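# Architecture and fold: a report
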Amino acid sequence: MTGFVDLYTEADTFLHRMDPRVKIAAVLLLSILAFLLSSLYYLLVLLAFIFLLTYLAKATMSRTMFALKFVLRLMVLIIVLWPLFDPSGTPVLASLGPVKITVPAIVRGLTSAVRVGCLATVWYILMFTTSQRDLVRALVKLGLRFDFGLTLAISLRFFPTFISTIDSITDAQRARGMELGRGRLFKRSKNYVSVLVPAIVSALRTADTLALALQSRAYGARSDRTFLTEIKMRGTDYAALSVVLGLLVVPLVAKYFFSVPL
Amino acid sequence: MEPAQSATPKPGKTKRVKFVSPKTVALYGTLTALTAAITMATFVPFAPTKGYFNLGDAMVFFSGLSFGWRAGAICGGIGSAAADILLGSGYFAPYTLVAKGSEGLVSGLVGRTNKGKKWAVVLGIAAGGACMVLTYFLSELLILNVGWGPALTEAVGNIVQVTVGGTIGALLSHYVSKSYPALAKP
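Scoring rules and cut-offs
- Residues numbered from 1 in each chain as written.
- Chains lettered and ligands numbered in written order.
- Predicted model: local features only at pLDDT ≥ 70, side-chain atom pairs only at ≥ 80, totals over all residues.
- Heavy atoms only, no water.
- Helix = DSSP H or I, 4+ residues; strand = E, 2+ residues; numbered from the N terminus.
- Contact = heavy atoms within 4.5 Å.
- Areas by Shrake-Rupley, 256 points an atom, 1.4 Å probe, with all protein chains shown as cover.
- Phe/Tyr/Trp six-rings, centres within 6.5 Å; stacked < 30°, edge-to-face > 60°.
- Lys NZ or Arg CZ within 6 Å of the ring centre and 35° of its normal.
- Axes fitted to C-alpha atoms, helices over the stretch in contact; angles between N-to-C directions.
- Parallel < 35°, antiparallel > 145°, perpendicular 65-115°, else oblique.
- Left-handed = near helix turned anticlockwise from the far one by under 90°.
- Nonpolar A, V, L, I, M, F, W, Y, C, P; charged D, E, K, R; others polar.
- Domains from an automatic or database assignment.
- Core = buried A, V, L, I, M, F, W, Y, C linked by side-chain atoms within 4.5 Å.
- Buried < 20%, exposed > 50% of the residue type's maximum accessible area, 1.4 Å probe, protein only.
- Expected span 1.5 Å × (residues − 1).
- Buried area = accessible area lost by both parts, 1.4 Å probe.
- Salt bridge = Lys/Arg side-chain N within 4 Å of Asp/Glu carboxyl O.
- Polar contact = N/O pair within 3.5 Å; in protein donor to acceptor, adjacent residues only side chain to side chain.
- Pairing = 2+ DSSP bridges.

When its secondary structure is counted, chain B shows 6 helices and 4 strands. Restricting the contact set of chain B to residue pairs at least 6 apart, pairs at least 24 apart contribute 61%. Working note: accessible area of chain B is about 7,600 Å², and carbon and sulfur atoms make up 67% of it.

In structure tokens:
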């Protein structure tokens, strides 16, 4: 079980104050940029830039490491396994039967690993600095139907609740003699049925109560919506958006119109 | 359970605005949350790939088999993608959305034909699982470009995960409809 369920860290930096829509756009544009770049050096520069932004967002080290854990595993896997499956190019460093380790293959593996690293860390700019509430609000502002937004908000609200429900059911079943850590893979997974069935039933009861609560508050009675907090684009938001757009457009033009190798 | 219901139109306005019924909003919201929570809370260490796998798939199959393809697609896709984002692997979220969404959709469509007979459930889980494994494999190979080695390694892990998840999902669907009879009636 993991310690946190929300990557958001409370702070007052320029990234926290920025309009969440700009941050969503930044994540998408920088992801496209990572796909566009094919040189190891430029990808490393991009990765450094993203880490600079997460540093400026005052992300704590433990949270970053927690988030990076799964990505690092994939990156190591790529770096180790890519050369074994890619025998093309010269010079050949070592060969054993059909397996050849070549220098270009190692570089390609590193490039791909750094690109995956960029694609993964760029999300932290958004997730470390935007509360879930703001995120849903921004998605609704961007054109998501508000009833879908409400569904999303409900699920984000109940996510930590259900995690603690699952934890306490696990404890209760353990107290009755269930052993989660014993047996082979399938046996071990099957033990979870005795945790999941009560968890699902309790969630379905919650859903029934929630539906009554929504109905009693006249959900869907009016077709127009008002918002408690309005999000507005300010001057700095437009400036940030144009900077990020420039970061994508300049390399794009350089690569495809002036054929600069990037 | 009806999937959608139109609200009373505002007087003076001719345009009818459609709302999803509160029952559906509540059910889909909780199922999505539960999918994300189970994905995060049930880590089973898995030796061959030195990784972990989770029982999130069981919940996707359960949603699809018990509530139909729409719930399977929405709750499976969005719940698993949200778990990815919250766990810090947001770059996987778009592929997860497609992979788990199609998994829930196909298992719901196929698994509920013929009133959910055993062979239909097995076929649905197999077809849904194949969708998920293929989507992940192709998106890792073609879009993320991780190379054959990691893509194959992940595919093996995914096949094991989907087999275990499918079995547990079918068991869940069976047991929950017994212990929560409101679910059993269509």
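Next up on the list: the packing of aromatic side chains. All chains considered together, the criterion is met by 7 aromatic pairs over all chains. Three or more aromatic residues link up through ring pairs in this structure, and these residues are Phe92, Tyr95 and Tyr136 of chain B. In this structure, Arg145 of chain A packs its charged tip against the face of Phe148 of chain A, placed 4.6 Å from the ring centre.

Here we come to the packing of helix 4 (residues 61-85) of chain A against helix 5 (residues 103-129) of chain A. Residue and element names in this part refer to chain A. The N-to-C vectors of helix 4 and helix 5 enclose an angle of 165 degrees; their axes lie 8 Å apart at closest approach. Here helix 4 lies roughly antiparallel to helix 5, going by the angle between them. The chirality of how helix 4 crosses helix 5 is right-handed. Grouping the constituent residues of the contact of helix 4 with helix 5 by class yields 18 nonpolar, 5 polar and 2 charged.

Looking at chain A, the domain boundaries give domain 1 (14-130 + 232-257) and domain 2 (145-216). Each of domain 1 of chain A and domain 2 of chain A was reduced to a C-alpha centroid, and the two centroids are 35 Å apart.

Moving on: the packing of helix 2 (residues 56-67) of chain B against helix 5 (residues 118-143) of chain B. All names here are of chain B. In contact at an axis separation of 11 Å, helix 2 and helix 5 are set at 130 degrees when each is read in the N-to-C sense. In terms of orientation, helix 2 lies oblique with respect to helix 5. In this structure, the crossing between helix 2 and helix 5 has a hand that is right-handed. Residues Asp57, Phe61 and Leu65 of helix 2 pack against Val121, Ile125, Gly129 and Met132 of helix 5. Broken down by class, the residue content of the contact of helix 2 with helix 5 amounts to 5 nonpolar, 1 polar and 1 charged.

If you look at the biggest cluster of nonpolar residues, it comprises 126 residues, and the most contacted ones within it are Leu55, Tyr91 and Leu172 of chain B. Considering each element in turn, this core owes the most residues, 14 residues, to helix 5 of chain A. Both domains that meet at this core, namely domain 1 (14-130 + 232-257) and domain 2 (145-216) of chain A, each give it at least three residues. Residue contacts for Tyr91 of chain B: discarding those within four places in its chain leaves Val71, Leu74, Val116, Leu119, Ala120 and Trp123 of chain A together with Leu144 of chain B.

All names here are of chain B. Here helix 2 is 12 residues long and its end C-alpha atoms lie 16 Å apart, about the 16 Å a rise of 1.5 Å per residue gives. Of all 12 residues in helix 2, 12 are buried, a share of seventy percent or more. Of all the positions in helix 2, only Gly56, Asp57, Ala58, Met59, Val60, Phe61, Phe62, Ser63, Gly64, Leu65, Ser66 and Phe67 are classed as buried. Phi turns positive one or two residues past the end of helix 2, at Gly68, with a value near 95 degrees.

Attention now moves to the interface of chain B and chain A. Accessible area lost upon the coming together of the parts serves often as the stated size of an interface. Taken together, the 70 residues of chain B in the interface contact 69 residues of chain A. Both sides of the chain B and chain A interface together cover about 5,900 Å² of buried area, and 78% of this is carbon and sulfur. Here chain B is connected to chain A by 1 salt bridge. With its nearest N and O atoms 3.5 Å apart, the salt bridge here joins Arg73 of chain A to Glu154 of chain B. Our count for the chain B to chain A interface comes out at 0 residue pairs in polar contact (both at pLDDT 80 or more). A per-element tally of the side of chain B that touches chain A places helix 1 (residues 22-41) of chain B first, with 16 residues.

Residues and elements named next belong to chain A. Judged from the 4 bridges that link them, strand 1 (residues 92-96) and strand 2 (residues 99-102) form a sheet pairing that is antiparallel. Paired with Val92 across the bridge in strand 2 is Thr102. What sits between the antiparallel neighbours strand 1 and strand 2 is a turn of 2 residues, in which Gly97 has the positive phi angle 65 degrees.

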